[in-house]
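Next come the chains, spelled out residue by residue.
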Amino acid sequence: MDQYAVIGNPIAHSQSPRIHAGFAEATGQVLAYTTRLATPETFVATVREFQAAGGRGMNVTAPFKLQAFDLADATTERARRAGAVNALKFEDGRIRADNFDGIGLVADLQRNLGFALAGRRVLLLGAGGATRGALLPLAAQRPALLAIAHRDLAQAQALATALDPDVALACGRYDDFGDAAFDLVINATSASVKGERPPLSPRVYAAGALAYDLAYGRGLTPFLRHARDAGAQHLADGAGMLVEQAAEAYAWWRGVRPDTRAAIERLRVPLV
Ligand code: NDP
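Residues numbered from 1 in each chain as written. Predicted model: local features only at pLDDT ≥ 70, side-chain atom pairs only at ≥ 80, totals over all residues. Heavy atoms only, no water.

S.K.: Could you give an account of the overall build of the chain, naming the residues involved and the relevant values?
M.R.: Helix and strand content of the chain: 10 helices and 12 strands. Whereas a compact globule of 272 residues would reach a radius of gyration of roughly 19 Å, the chain reaches 18 Å, a difference of no more than 12%. Oriented by its inertia axes, the alpha-carbon framework of the chain measures out at about 55 × 35 × 30 Å. For the chain, with 272 residues in total, the buried portion stands at 52%. (Helix = DSSP H or I, 4+ residues; strand = E, 2+ residues; numbered from the N terminus. Rg over C-alpha atoms; globule rule 2.2 N^0.38 Å. Buried < 20%, exposed > 50% of the residue type's maximum accessible area, 1.4 Å probe, protein only.)

S.K.: Please give an account of the packing of helix α5 (residues 101–112) against helix α9 (residues 239–254) that cites residues and values.
M.R.: Between α5 and α9, whose axes approach to 7 Å, the crossing angle comes to 120 degrees. For the element pair α5 / α9, the angle class is oblique. The two elements α5 and α9 cross, and the hand of that crossing is right-handed. Between α5 and α9, the contacting residues are Asp 101, Ile 103, Gly 104, Leu 105, Ala 107, Asp 108, Arg 111 and Asn 112 on the first element and Gly 240, Met 241, Glu 244, Gln 245 and Glu 248 on the second. Its residues assigned to classes, the contact of α5 with α9 shows four nonpolar, four polar and five charged. (Axes fitted to C-alpha atoms, helices over the stretch in contact; angles between N-to-C directions. Parallel < 35°, antiparallel > 145°, perpendicular 65-115°, else oblique. Left-handed = near helix turned anticlockwise from the far one by under 90°. Contact = heavy atoms within 4.5 Å. Nonpolar A, V, L, I, M, F, W, Y, C, P; charged D, E, K, R; others polar.)

S.K.: Mind laying out the sheet that holds strand β5 (residues 87–91), listing which residues take part and the relevant values?
M.R.: With respect to topology, six strands assemble into an open sheet ordered β2-β1-β3-β5-β6-β4, the strand pairing being mixed. The open sheet has two edge strands with one neighbour each: β2 (31–37) and β4 (74–75). Pairing between β4 and strand β6 (residues 94–98): two bridges, direction parallel. Paired with Thr 75 across the two strands is Ala 97, which belongs to β6. Each of β1 (2–8), β2, β3 (57–60), β5 and β6 is contacted by helix α2 (residues 43–52), which is oriented at about 170 degrees to β1, the strand it contacts most. Docked against the sheet, α9 engages β1, β2, β3, β5 and β6, running at close to 10 degrees with respect to β5. (Pairing = 2+ DSSP bridges.)

S.K.: Could you give me a rundown of the site of the ligand, with the residues and numbers involved?
M.R.: With respect to spatial proximity, 24 residues lie near the ligand, and among them Gly 129, Ala 130, Arg 151, Lys 194 and Glu 196 are the closest. At a separation of 3.3 Å, an oxygen atom of the ligand approaches a polar backbone atom of Leu 242. Expressed as a share of its isolated accessible area of 940 Å², the protein-covered part of the ligand is 78%. Among the secondary structure elements, those contributing two or more residues to the shell around the ligand are α6 (129–140) and α9. In terms of residue class, the shell around the ligand is made up of 11 nonpolar, eight polar and five charged. (Near = heavy atom within 4 Å. Polar contact = N/O pair within 3.5 Å; in protein donor to acceptor, adjacent residues only side chain to side chain. Areas by Shrake-Rupley, 256 points an atom, 1.4 Å probe, with all protein chains shown as cover.)

S.K.: So what about the pairing of strand β9 (residues 169–172)? Which residues, and what values?
M.R.: Where a strand is regular, its side chains alternate between the two sheet faces. Two strands pair when backbone bridges link them, and strand β8 (residues 145–149) and β9 are joined in this way by four bridges, in the parallel orientation. From the neighbouring strand, Ala 147 faces β9, where its bridge partner is Ala 170.

S.K.: Give a detailed account of the side chain of Lys 65, specifying residues and quantitative values.
M.R.: Tracing the chain through its elements places Lys 65 in helix α3 (residues 65–71). Polar side-chain contacts of Lys 65 include one of 2.7 Å to the side chain of Asp 101. For Lys 65, the residues in contact, after removing those within four places along its chain, are Val 60, Ala 84, Val 85, Asn 86 and Asp 101.

S.K.: Can you tell me about the packing of aromatic side chains, naming the residues and giving the values?
M.R.: Counting across every chain of the model gives seven aromatic pairs. Note on Tyr 33 and Trp 253: the rings are 6.5 Å apart at their centroids and 45 degrees apart in plane angle, and the pair reads as tilted. Of this pair, Tyr 33 sits in strand β2 while Trp 253 sits in helix α9; the two residues are 220 residues apart in sequence, bridging distant segments of the chain. Note on Trp 253: relative accessible area 9%, which makes it buried. Ring centres of Phe 177 and Phe 182 lie 6.0 Å apart, and the angle between their planes is 70 degrees; this geometry places the pair in the edge-to-face category. Chaining the aromatic ring pairs together yields one cluster made of Tyr 4, Tyr 33 and Trp 253. (Phe/Tyr/Trp six-rings, centres within 6.5 Å; stacked < 30°, edge-to-face > 60°.)

S.K.: Give a detailed account of the nonpolar core, specifying residues and quantitative values.
M.R.: In this structure, Leu 105, Leu 109, Leu 117, Leu 138, Leu 184, Ile 186 and Tyr 212 are the most contacted members of the largest nonpolar core, which totals 28 residues. Of all the secondary-structure elements, those providing two or more residues to this core are α5, β7 (121–125), α6, β8, α7 (153–160), β10 (182–187) and β11 (205–213). Residue contributions to this core peak at five residues, all from α6. When residues no more than four places from it in sequence are discounted, the contact partners of Leu 105 are Ala 134, Leu 138, Ile 186, Tyr 212, Leu 214 and Met 241. Counting residues in hydrophobic clusters, the runner-up holds 22 residues, among them Phe 23, Phe 100, Trp 253 and Ala 263. (Core = buried A, V, L, I, M, F, W, Y, C linked by side-chain atoms within 4.5 Å.)

Spatial relationships are all this shows, so hold off on functional conclusions.
Put into structure tokens, the structure is as follows:
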């Protein structure tokens, strides 16, 4: 049976085995998808061991997306620009790598939530791995403005260098965006998993705005609660992004793109 796995730390909470088992069933394919726990010290050996045992591919989650990029023999353009990968494919003894996080986010926004990015004002919070992956696919949709807010300005500016010069871009600390109204505010920080929220002004939300938290399965996070109280009209969590990036990896590995609706429905928890 073809073997796949997701590697991370922690990993027990991962929904990926469930999502991929559902995809396999829905597409009539047979595969095994398990989890691998690693540390920064054991990451490379764990991937190599899985590959040597005949593994076909892996998903990579926090905190190994940068290490996985370094390990890969071949990467896509978008992975190189992000400097991080979340999917590996083992072929002919080589490791190919790609990053589907950003296109998963864009697919969820545009296809599932009906939010067209072109011409809109978008604020991205945080400057970690998720922001790296999201930046280029978001920019490719030609928003009117793509802004990055982070507590360390230099870090946000460093990420922005990956973008083409014709992208309308702004980088700042959180209080630099106190009065700027955005159509979409994306929380790409890990604050929600700690029960915290980025220090954002309630005035960042334009009329009809969407607040999107990359965290999922947590209900109304402090970020989403703040957004709702600040008047954001639409709220969404990252369940759809998770499933969409998984579907991209599945299509890359297996040659068929599964429908994502059932998996999103299973993962969705009410935002109340
Ligand atoms: P990283 O650890 O790489 O980055 C975390 C970022 O959050 C850093 O920029 C950090 O800032 C910032 N941060 C942490 N706490 C706070 C806070 N209280 N206030 C402001 N900023 C804060 O994580 P990732 O980028 O990999 O992941 C971020 C989130 O996205 C996680 O919740 C993760 O689960 C989620 N995610 C969801 C996906 C999905 O498919 N739905 C896919 C990928 C990620 P600093 O550098 O200053 O510490």
